[in-house]
Each structure stands twice: as C-alpha cells, then as structure tokens.
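Breakdown of the fold
Next come the chains, spelled out residue by residue.
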Amino acid sequence: QVQLVESGGDLVQAGGSLRLSCAASGRIFSIDSMGWYRQAPGKQRELVASITGGGTINYADSVKGRFTISRDNTKNTVYLQMNGLKSEDTGVYYCNIDCVTTGWVRRNYWGQGTQVTVSS
C-alpha cells in the first residue's frame, strides 16, 4: 500500500503565507506526477498545481505568481509554497500522486486533505 501524509494547513490572514507538504511512503517504485488540488465548500475539487517527474509544472490561473510547487524525489515529497493568500484560497487541500508500485502497477493516490483557511 501507499500512504500520503499532508501537513501545513492552518488559519492565516489574507496576504499571509503557508507551506504545505505531502510525503508519500509505502510500496512505491517510482512517482510520476505529483499535485495539489483544493475543494472549497460547495464547490468541486480543482487542480491547483502539478509537477511531473521531468519537472514540468502546471498552475491554475488563479494561483499563478503566488504559489510555487516543488518536489524532493529523495524524500518522495511534494511541497506547495503559498504566498499572498486570499480568502478565495480557503478550502481543503489534497495531495495527489501518480506512481508505479513495487508490484509494477500504476496507481493514483489521494491524501486525506489539510484545511487552509484565509481570513479577510
């Protein structure tokens, strides 16, 4: 099995910063893409940012210039640095990975979510 453990969510004032982390562990052979999604109350889950194994990065238009995604392949960890937070960034942030397990099976996994609340 593969486990994703997220951390870093918190309550912060508008304009503030947070750094989210997501560490993957378990029967992982390799990780391809890693990403962060968020879900605001009453809304669908949406992609915030993603990074491939080759380093290709994609951001939602709403976070470009404010958020930075990065990964540490030695730790199987993905980070999301969030600066200039706005109230509309409030939501539950989920980590997602696409990986190959040690059983040579490609799987997609989700973390349990971490709450980010931005007060205006």
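This text follows the structure it describes.
Residues numbered from 1 in each chain as written. Predicted model: local features only at pLDDT ≥ 70, side-chain atom pairs only at ≥ 80, totals over all residues. Heavy atoms only, no water.

Here we look at the overall build of the chain
Summing up its helical and strand segments, the chain has zero helices and 11 strands in all. The helix and strand sequence of the chain, counted from the amino end, reads β-β-β-β-β-β-β-β-β-β-β. A compact globule built from 120 residues should have a C-alpha radius of gyration of about 14 Å, and the chain, at 14 Å, falls within 12% of that. In terms of overall dimensions, the chain has C-alpha extents of about 45 × 25 × 25 Å along its principal axes. (Helix = DSSP H or I, 4+ residues; strand = E, 2+ residues; numbered from the N terminus. Rg over C-alpha atoms; globule rule 2.2 N^0.38 Å.)

A closer look at the environment of Asn96
Counting through the fold element by element, Asn96 comes out in strand S9 (residues 91–101). With relative accessibility at 7%, the residue Asn96 sits in the buried group. Linking Asn96 and Ser21, residues 75 residues apart in sequence, is a C-alpha distance of 12 Å. Apart from residues lying up to four places away in sequence, Asn96 is in contact with Ser33, Met34, Gly35, Tyr37, Asn108, Tyr109 and Trp110. A distance of 2.7 Å separates polar atoms of two side chains, one belonging to Asn96 and the other to Asn108. (Buried < 20%, exposed > 50% of the residue type's maximum accessible area, 1.4 Å probe, protein only. Contact = heavy atoms within 4.5 Å. Polar contact = N/O pair within 3.5 Å; in protein donor to acceptor, adjacent residues only side chain to side chain.)

Quick notes on the state of the cysteines
What we call a disulfide is simply a covalent bond connecting the sulfur atoms of a pair of cysteines. Applying the stated criterion to the full structure yields one disulfide. The disulfide bridge from Cys22 ends at Cys95, spanning 2.1 Å between sulfur atoms. As the torsion about the S-S bond is roughly -80°, the Cys22-Cys95 disulfide counts as left-handed. Within this pair, whereas Cys22 is found in strand S3 (residues 18–26), its partner Cys95 is found in strand S9, the two being separated by 73 residues in sequence. As far as burial versus exposure is concerned, Cys22 and Cys95 are alike and both buried. In this structure Cys99 is not part of a disulfide, and its nearest cysteine sulfur, from Cys95, lies 11 Å away. (Disulfide = S-S within 2.5 Å.)

Thoughts on the pattern of salt bridges
Any two side chains of opposite charge can pair, given that their charged atoms come close. Inspection of every chain in the model, using the stated rule, returns six salt bridges. In this structure, Arg106 and Asp98 form a salt bridge, with 2.8 Å as the shortest nitrogen-oxygen distance. Of the residues examined, Arg106 reaches a relative accessible area of 47% and is grouped as partly exposed. Three or more residues joined by partner-sharing salt bridges are found here, namely Arg38, Glu46, Arg66 and Asp89. (Salt bridge = Lys/Arg side-chain N within 4 Å of Asp/Glu carboxyl O.)

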